[in-house]
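Structural features, examined
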Amino acid sequence: PPKGEDVLRVSKLRKTFGGLVAVNDVSFSVGAGEIVGLIGPNGAGKSTSFNLITGVLAASAGEVRVRGEDITGWPARRIARLGVARTFQHVKLVHGMSVIDNVALGRHLLGRASAVRGALRLDREEEAAIFAEAHRQLARVGLAEHADAIASELALGQQRLVEIARALCLDPVLLLLDEPAAGLRHNEKVALADLLRKVRDSGVSILLVEHDMDFVMGLTDRLVVMNFGAELAQGRPAEIQRNPAVLEAYLGS
Ligand code: ADP
Ligand code: MG
C-alpha cells in the first residue's frame, strides 16, 4: 500500500461482556509502513481489541476497516486471508507437531481449499512451495536449526517467534502481535526489534501489544494508550512518556 494510506482503521469499536465494557468506543488507525504500539495496564482491553480486529470475537458496535474495506463481522478465516495475521498472548501452537509444520499451517490458510483438505490432498508441488516458504520465514526469525524440533520443546520465547514465522507465512499486510517480547532474554528482544523493523520496511504494518516499555519506546512509531477499555492517549513515544494521564494510569492506580 502507498505511504500514508491507512492499513487499519478502527472506529468507535465496542465490546461488552455482560455488564463489563471491555472495549469502550475506541478509534485509532495504523498507516502503511508504521509500527504502532497498543499499550495500557492489565485489563485495559488490548487483547480484546485484537480479537475484534481479527474476527475472533464479534464487536458489540463500531467498525473495522482494512485498506478501506469494511471487514466488521467477517469470519476470522476470511480476515486472515485478506492479509491480517496475528500472534496470541497465550501462544497457540500445535504442541505435538514439529516447528516447521506449525509454521506451514500459516501458509495452508492461503490455499485454494480448507486447511484440512489442503493438508490431506495437496499436490506435491504445492506442498513443496508451502514448506519452502515456511523454511524461509523460520530462518527470518532465527530458528532455522529448530525446524524439526517438536514445538512444545522450545523455550516459550522461541515459541513466540515460531508464531511470528507462521503469521508471516500468510504474506500479511498487517501483523498483530500480542506481547511478542514476553519471555525473551535481552539479546533476543534486541533481535526481535531488529526483525520487526525489517518486516515493517518490507511493507507490512505492525500493531503490537507489549508491556516492556524500553522495547515499545525504542521500536514503535506511534502509541495508542488504553485504560479501562477506553482510549486514554495517542502520540509519538516521546509524547506519551511525559503524558500525565498516562503516568497516572500506570503509577496512580
Ligand atoms: P488486556 O489485554 O488489556 O490485559 P483484555 O482485553 O484481556 O485486557 O481484557 C479486558 C477486560 O475484559 C478485562 O476486564 C477482562 O477480564 C475482560 N474479558 C476479556 N475477555 C473476556 C471474556 N471472554 N469474557 C468476559 N470478560 C472478558
Ligand atoms: Mg492482553
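Quantities reported herein were computed from a predicted structural model and do not represent experimental measurements.

So, the overall build of the protein chain
A count of helices and strands for the protein chain gives ten helices and ten strands. Radius of gyration (C-alpha) of the protein chain: 18 Å, near the 18 Å computed for a compact globule of 253 residues. Across its three principal directions, the C-alpha atoms of the protein chain cover 55 × 40 × 40 Å. In the protein chain, buried positions account for 40% of the 253 residues. Across the protein chain, the fraction of contacts at a sequence separation of at least 24, relative to all contacts at a separation of at least 6, is 69%.

Points about helix α7 (residues 186-201)
Helical geometry note: an α-helix holds 3.6 residues per turn, so side chains three or four residues apart project in the same direction. With 16 residues, α7 extends 23 Å between its outermost C-alpha atoms, agreeing within 8% with the 22 Å of an ideal straight helix rising 1.5 Å per residue. Among the residues of α7, those classed as buried are K189, L192, L196 and V199. With its buried residues spanning 80° around the axis, α7 presents them on a single face. Every exposed residue of α7 that faces more than 90 degrees away from the buried side is listed here: H186, N187, D194, K198 and D201. Each element contacted by the buried residues of α7 is listed here: β3 (35-39), β7 (174-178), β8 (205-209) and α8 (213-219). Backbone geometry just downstream of α7 places G203 in the positive-phi region, at approximately 105°.

Things to note about the domain arrangement of the protein chain
When cut into domains, the protein chain gives domain 1 (1-83 + 173-253) and domain 2 (98-171). Relative to domain 2, the C-alpha centre of domain 1 lies at a distance of 25 Å. Counting residues at the interface gives eleven residues for domain 1, matched by twelve residues for domain 2. Looking at the side of domain 1 that touches domain 2, the elements that each hand over two or more residues are α2 (76-82), β7 and α7. For the side of domain 1 that touches domain 2, the leading source of residues is α7, giving three residues. Taken together, the residues of the side of domain 1 that touches domain 2 break down into seven nonpolar, two polar and two charged.

Topic: the pairing of β7
Most of β7 sits out of view: five of its five residues are buried. Side chains L174, L176 and D178 project from β7 onto one buried face, and the interleaved L175 and L177 project onto a second face that is buried too. Here strand β6 (residues 84-86) runs beside β7; their pairing, made up of three bridges, is parallel. Of the residues in β7, the one forming a bridge with R86 is L176. Here β7 pairs with β8 via five bridges, running parallel. When the bridges of β8 are listed, D178 appears paired with V209. Handedness of the crossover joining β7 and β8 through α7 is recorded here as right-handed.

With respect to the site of ligand 1
The local shell around ligand 1 consists of F17, L20, A22, G40, N42, G43, A44, G45, K46, S47 and T48. Only β2 (20-31) and α1 (46-53) provide two or more residues apiece to the shell around ligand 1. No other element matches α1, which puts three residues into the shell around ligand 1. Of the residues in the shell around ligand 1, the class split is four nonpolar, six polar and one charged.

A short note on the packing of helix α3 (residues 99-108) against helix α5 (residues 124-140)
Close contact between α3 and α5 brings their axes to 8 Å; oriented N to C, the two are set at 115°. When the interaxial angle is binned, α3 and α5 end up roughly perpendicular. Relative to α5, α3 is oriented so that their crossing is right-handed. Counted together, V99, I100, V103, A104, R107 and H108 of α3 and I130, F131, E133, A134, H135, Q137 and L138 of α5 form the full contact between these two elements. Tallied by class, the residues present in the contact of α3 with α5 amount to eight nonpolar, three polar and two charged.

A look at the packing of α3 against helix α6 (residues 156-168)
For the pair α3 and α6, the least separation of the axes is 6 Å and the interaxial angle reads 35°. As for the relative orientation of α3 and α6, their crossing is right-handed in sense. Of α6, the residues touching α3 (which contributes V99, N102, V103, L105 and G106) are V162, A165, R166 and A167. Of the residues contributing to the contact of α3 with α6, the split by class is six nonpolar, two polar and one charged.

Procedures and definitions
Residues numbered from 1 in each chain as written. Chains lettered and ligands numbered in written order. Predicted model: local features only at pLDDT ≥ 70, side-chain atom pairs only at ≥ 80, totals over all residues. Helix = DSSP H or I, 4+ residues; strand = E, 2+ residues; numbered from the N terminus. Rg over C-alpha atoms; globule rule 2.2 N^0.38 Å. Buried ≥ 20, exposed ≤ 12 C-beta atoms within 10 Å, placed from the backbone. Contact = placed C-beta atoms within 7 Å. Expected span 1.5 Å × (residues − 1). Arc of directions from axis to C-beta. Domains from an automatic or database assignment. Nonpolar A, V, L, I, M, F, W, Y, C, P; charged D, E, K, R; others polar. Pairing = 2+ DSSP bridges. Right-handed = clockwise from strand over helix to strand, strands pointing away. Near = placed C-beta within 6 Å. Axes fitted to C-alpha atoms, helices over the stretch in contact; angles between N-to-C directions. Parallel < 35°, antiparallel > 145°, perpendicular 65-115°, else oblique. Left-handed = near helix turned anticlockwise from the far one by under 90°.

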